[in-house]
Amino acid sequence: MSDFVAVALEGPGPFVLGLTAHERNRRVLERAGIAVVDARRTPPSKRVLTIPASVVITPALVPYLRNGAAPGRLAPGDARLPPGAAYDVSTRAARSDTTRTLLLSTAKPTDGWVARHVNRRLSRPISRLLLALRMTPNHASALSLLTGLGAAAFALHPSWGALVAAALLFQWASIVDGVDGEMARLTLTESPRGASVDTAVDVGTYIVCCIAFAVGWGRQGIADWELRLAGLVTLALLVAIGQGWAFVRGHAPDHSYVFIDRCVDHVAREQGGFGFRALRVAFLFMRRDAFSLTFLVLALTGERVVYFFGLGAFVLLAQLTLVFGRERLAAAAAAIVSRGAPASPGGPPKPCPAAPPVRIVHQALQPAPVVAEASRKAFTRLDLDSQL
């Protein structure tokens, strides 16, 4: 195409997961590196693709815009659009369907089994509620931290009931831990700072709860060897967290501890060997989602010594892996990053060098025309209620 296609945004449109359709569409385009210009500075002769306020778009639309979008009015049912590029929000039913679809898109490929099949089913409705209340991902991080501190407060008490309450709150904190990331991805506000806050909350919850759990065990009147075990495991946990932080800070694009799991998995798949294959399984249980559920099961027994023996074994494995397998893990980290790990959670995608320029034109705010019923029916409605 010899000339670029200007993109006009109608608005404001209805609210969808905390943002108006206009604001959501604007963020998608800006995050893609598409310039925003004033409509008054755009010559009337330019060909325009209008995105109605009754439609929300996703980053999947960006390649279509860059590679020869046809002028006219964007319709979700257009067969030329990539799958999942645009969704109808003109009616209440359509907004409900789109909301479910966008919520399901918040899953991450690095999610563990517990996170994917248990935690996400509970965290998504929470994300939806908090966004409806106009809350931010930082509010969700604060909620996760407060829940973890509540778990630590119960863990200080020596009774069985307090132990179970602490484990339940710790599991709930693990569920809420996914909310801030979901909200950030839904509102396109991911950032390195947000990822750092999330990691800090996770680590802080681990440390505080482990110390409180040891104190509560000591208040039960335990033997000297049990007291030494609790102190040694707690100290070893702090050392392992420090070792892990040094590794992810030097190798992980997003400074996430999950990156260590990915490196262990990469070594196990690429180089084989029983050692790293066994470590891969062990590290799966050390992830927060699986660890929290395991902690809850162990708490029902009322035997805190079992928890410390299990935690001590996992911490020892982590330390040995980070010390003796550091070179292999570093090589795996370099391979993972070189294969396309994102530079940062909030960074915009790299622009396509060969792509024609695209500009956004803000039209005057006006009521968006209702999409025809036939177009709405052409848009495939996803029955995903059971997955939330």
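All values reported here derive from a predicted model rather than from experimental measurement.

About the criteria used
- Numbering of residues starts from 1 in every chain and runs along the sequence as written.
- The predicted origin of the model limits local features to residues at a pLDDT of at least 70 and limits the giving and counting of side-chain atom pairs to 80 or more, whereas totals for whole chains, interfaces and linings rest on all residues.
- To obtain the side-chain values, all non-hydrogen atoms of the structure were included, while hydrogens and water were left out.
- Each helix is a run of H or I in the DSSP string that is no shorter than four residues. Each strand is a run of E no shorter than two, and both are numbered from the N terminus.
- The cut-offs for exposure are 20% and 50% of the maximum accessible area for each residue type, with area from a 1.4 Å probe on protein chains only; residues under the lower value are buried, those over the upper are exposed, and the others partly exposed.
- By definition in these notes, contact holds between two residues if any of their heavy atoms fall within 4.5 Å.
- The accessible surface values rely on the Shrake-Rupley method and a 1.4 Å probe; as for residues, cover is taken only from the protein chains in view.
- An axis is simply a line fitted to the C-alpha atoms; with a helix, the fit covers only the stretch in contact. Between two such axes, the angle follows the N-to-C directions and lies from 0 to 180 degrees.
- Comment on the angle field: the value is read as roughly parallel under 35 degrees, roughly antiparallel over 145, roughly perpendicular from 65 to 115, and oblique elsewhere.
- Given the number of residues in a helix, its expected span is that number minus one, multiplied by 1.5 Å.
- Only residues above 30% relative accessible area that lack a salt bridge enter a patch, with like-charged residues linked at up to 9 Å and the nonpolar side chains Val, Leu, Ile, Met, Phe, Trp and Tyr linked at up to 5 Å.
- Throughout this description, the term salt bridge denotes a Lys or Arg side-chain nitrogen within 4 Å of a carboxyl oxygen of Asp or Glu.
- Disulfides are defined as pairs of cysteine sulfur atoms found within 2.5 Å of each other.
- Take the buried residues of types Ala, Val, Leu, Ile, Met, Phe, Trp, Tyr and Cys, join any two whose side-chain atoms come within 4.5 Å, and each joined set is a nonpolar core.
- pLDDT is a per-residue confidence score from the predictor, ranging from 0 to 100.
- Pairs were defined over the aromatic rings of Phe, Tyr and Trp, the Trp ring being its six-membered one, requiring ring centres within 6.5 Å. Orientation was assigned from the angle between planes: stacked under 30 degrees, edge-to-face over 60, tilted for the rest.
- Throughout this description, the term charge over a ring refers to an Arg CZ or Lys NZ atom that lies within 6 Å of the ring centre and within 35 degrees of the ring normal.

A. Examining the overall build of the chain more closely. Scanning the chain for helices and strands turns up 14 helices and 9 strands. When burial is assessed residue by residue, the chain has 46% of its 388 residues classed as buried. Taking all contacts inside the chain whose residues are at least 6 apart in sequence as the whole, residues at least 24 apart take part in 77%. Total accessible area computed for the chain in this model is approximately 18,800 Å², and 63% of it derives from carbon and sulfur atoms.

B. Up close: the packing of helix 5 (residues 137-155) against helix 7 (residues 192-218). For the pair helix 5 and helix 7, the least separation of the axes is 8 Å and the interaxial angle reads 5°. Judged on the interaxial angle alone, helix 7 and helix 5 are roughly parallel. In this structure, helix 5 contributes Asn138, Ser141, Ser144, Leu145, Gly148, Leu149, Ala151, Ala152 and Ala155 to the contact, and helix 7 contributes Arg193, Val197, Val201, Thr205, Val208, Cys209, Ala212, Phe213 and Gly216.

C. A look at helix 12 (residues 304-324). Over its 21 residues, helix 12 extends 30 Å from the first C-alpha to the last, a length consistent with the 30 Å expected when each residue adds 1.5 Å. Among the residues of helix 12, those classed as buried are Arg304, Val305, Tyr307, Phe308, Leu311, Val315, Ala318, Gln319, Thr321 and Leu322.

D. Spotlight on helix 11 (residues 288-301). Over its 14 residues, helix 11 extends 20 Å from the first C-alpha to the last, a length consistent with the 20 Å expected when each residue adds 1.5 Å. Within helix 11 the residues assigned to the buried category are Arg288, Asp289, Ala290, Phe291, Ser292, Phe295, Leu296 and Ala299. Positive phi shows up at Gly302, right after helix 11, with a value of about 80°.

E. Quick look at a nonpolar patch on the surface. Together, Trp113, Val118, Leu122 and Trp172 line one region of the surface with nonpolar side chains, adding up to about 400 Å² of accessible area. Looking at which element gives the most residues to the nonpolar patch, the answer is helix 4 (residues 113-132), with 3 residues. With respect to the helices, strands and loops of the structure, Trp113 is situated in helix 4. Look at Trp113 and you get exposed, because its relative accessible area is 56%.

F. Fine view of the side chain of Thr321. Among the structural elements, Thr321 can be located in helix 12. On the accessibility criterion, Thr321 (4% relative accessible area) is buried. Among all residues touching Thr321, those that are not within four sequence positions of it are Val264, Phe276, Leu279, Phe283, Arg326 and Leu329.

G. Looking closely at the state of the cysteines. Evaluation of the coordinates by the stated rule reveals 0 disulfides. The thiol sulfur of Cys209 is not disulfide-bonded, and the nearest other cysteine sulfur, from Cys210, lies at 8.8 Å.

H. View of the pattern of salt bridges. Applying the stated criterion across every chain yields a total of 12 salt bridges. A salt bridge links Arg73 to Glu10, with the nearest nitrogen and oxygen atoms 2.9 Å apart. Separated by 63 residues along the polypeptide, Arg73 in strand 7 (residues 72-73) and Glu10 in the loop between strand 1 (5-9) and strand 2 (15-16) bring together distant segments of the chain. For Arg73, a relative accessible area of 42% corresponds to the partly exposed category. Given a relative accessible area of 5%, Glu10 falls into the buried group. Taken together, the shared-partner salt bridges in this structure form one network comprising Glu23, Arg26, Arg27 and Glu30.

I. Geometry of the nonpolar core. Judged by nonpolar contacts, the single largest core of 32 residues is most densely connected at Phe170, Phe213, Trp217, Tyr307, Phe308 and Leu311. When residues of this core are traced back to their parent elements, those giving at least two are helix 5, helix 6 (160-186), helix 7, helix 8 (224-251), helix 11 and helix 12. Per-element accounting of this core gives the leading share, 8 residues, to helix 7. Those residues in contact with Phe170 that sit more than four places away from it in its chain are Ala151, Thr205, Tyr206, Cys209, Arg288, Phe291, Ser292 and Phe295. Grouped together as the second largest cluster of nonpolar side chains are 20 residues, Leu29, Ala32, Leu49 and Tyr64 included.

J. Summary view of unusual backbone geometry. Backbone geometry at Leu17 places phi at a positive 55°, although glycine is not the residue there. With respect to the secondary-structure elements, Leu17 resides in the loop between strand 2 and strand 3 (19-20). We classify Leu17 as buried; its relative accessible area is 8%.

K. Fine view of the confidence of the model for the chain. Taken residue by residue, the chain gives an average pLDDT of 81. The fraction at 70 or more is 82%. Here helix 14 (residues 373-378) stands out as the element of the chain with the lowest mean pLDDT, 36, in contrast to strand 8 (residues 86-88), whose mean of 95 is the highest.

L. Here's a closer look at the packing of aromatic side chains. Enumeration over the complete set of coordinates arrives at 12 aromatic pairs. Centroid distance Tyr206 to Phe291: 5.5 Å. Interplanar angle 50°. Geometry classified as tilted. Here Phe291 lies in helix 11 and Tyr206 lies in helix 7, a separation of 85 residues in the sequence. Each member of the pair Tyr206 and Phe291 is classed as buried. Their ring planes at 40° and their centres at 5.1 Å tell us that Phe295 and Tyr307 sit as a pair that is tilted. Taken as a pair, Phe295 in helix 11 and Tyr307 in helix 12 lie far apart in primary sequence, 12 residues in all. Tyr307 carries the same exposure label as Phe295, and that label is buried. The ring of Phe15 carries Arg134 above its face, with NZ or CZ at 3.9 Å from the centroid. Across from the ring centre of Phe213, 4.8 Å away, lies the NZ or CZ of Arg304, which sits over that ring.

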